[in-house]
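# Structural overview
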Amino acid sequence: MKKLSRRYICVGCIVILIILFYAAMQKVVFVTNREFYNGAMGIIDTSLTEQYDNVIFSGKVTNDNSRSHGDSLVSFLRDNGYNDVIYYYSAINEENKITSQTILNGLEWMKERGVKRINLSLSTCVYNQDIASWIKNNQDIQIYASYSNLKNSIDYPAMYEDVVGCGFLNGILYKEKDVVYESNKLIICNDKIRYYNGTSYLSLYTMITQ
């Protein structure tokens, strides 16, 4: 039994060393913060494939076999230990498209419910005056958005003046208000170790900890 225990310990140490080596090479962001914003959060994104506890959802559950991007966003918040209410708005219209109008509808839906922090990581290279004006005229609501995972000089809504854009060190010219990380790879360290890859998670992490 002692030999077996030692073997498990050795294997565990090797796994930990591999994780640390990978983290150092990839400049992984270790997510350990447990001090969260005290209040409800909002997410405007694609649809969800299931209903979640404490998630107030405006949209149609798709019941697809594969998880959606929205499912991953909700899971990221839950894996971090955030257990407050999440207001979630699907910006997909009846033609299965996301438009500036569906985004504006989502922003108004959040406003009516008193949500003060909204994650809007639907990247586009198209500037929209109506969305920019809405954000400017609702200064009591803070919008968080991710920059593209690729190097991109035009990226909305992250580039709007009053939005907290989140990204990593990939050559983008960031605004003073933005939050920049060393990597878009995150490892959550709590009761389990979980791995996430993407700037959308950076903006969520900033939203719940800033």
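Since this is a predicted model, take the numbers as computed values, not measurements.

Glancing now at the packing of helix H3 (residues 100-112) against helix H4 (residues 129-137). Running from N to C, H3 and H4 point in directions that differ by 15 degrees, and their axes come no closer than 9 Å. Considering the angle they form, H3 stands roughly parallel to H4. Once H3 is placed against H4, the crossing between them reads as left-handed. Of the residues in H4, those touching H3 at Ser-100, Ile-103, Leu-104, Leu-107, Glu-108 and Lys-111 are Asp-130, Ile-131 and Trp-134.

For the coordinates displayed, the defined rule picks out 11 aromatic pairs. With 5.3 Å between their ring centres and 40 degrees between their planes, Phe-76 and Tyr-201 make a pair best called tilted. You can see Phe-76 sitting in helix H2 (residues 69-79) and its partner Tyr-201 sitting in helix H5 (residues 199-209), a full 125 residues away along the chain. Relative accessible area serves as the criterion here: at 0%, Phe-76 is assigned to the buried category. For the pair Tyr-127 and Tyr-160, a centre-to-centre distance of 5.5 Å together with 65 degrees between the ring planes defines the contact as edge-to-face. Note that Tyr-127 is positioned in the loop between strand E5 (117-119) and H4 and Tyr-160 in the loop between strand E6 (142-146) and strand E7 (164-168), a separation of 33 residues in sequence. Given the relative accessible area of 6%, Tyr-160 is considered buried. Lying over the aromatic face of Tyr-37, Arg-117 brings its terminal NZ or CZ to 3.9 Å of the ring centre.

A few words on the pattern of salt bridges. Applying the stated criterion to the full structure yields 4 salt bridges. The partner of Arg-194 in a salt bridge is Asp-79, with the nearest N and O atoms 3.2 Å apart. Taken together, the residues Arg-194 in strand E10 (residues 193-197) and Asp-79 in helix H2 connect sequence positions 115 residues apart. For the pair shown, Arg-194 and Asp-79 are each scored as buried.

The rules behind the values
- Residues numbered from 1 in each chain as written.
- Predicted model: local features only at pLDDT ≥ 70, side-chain atom pairs only at ≥ 80, totals over all residues.
- Heavy atoms only, no water.
- Axes fitted to C-alpha atoms, helices over the stretch in contact; angles between N-to-C directions.
- Helix = DSSP H or I, 4+ residues; strand = E, 2+ residues; numbered from the N terminus.
- Parallel < 35°, antiparallel > 145°, perpendicular 65-115°, else oblique.
- Left-handed = near helix turned anticlockwise from the far one by under 90°.
- Contact = heavy atoms within 4.5 Å.
- Phe/Tyr/Trp six-rings, centres within 6.5 Å; stacked < 30°, edge-to-face > 60°.
- Buried < 20%, exposed > 50% of the residue type's maximum accessible area, 1.4 Å probe, protein only.
- Lys NZ or Arg CZ within 6 Å of the ring centre and 35° of its normal.
- Salt bridge = Lys/Arg side-chain N within 4 Å of Asp/Glu carboxyl O.

By themselves, these figures tell us nothing about what the structure is for.
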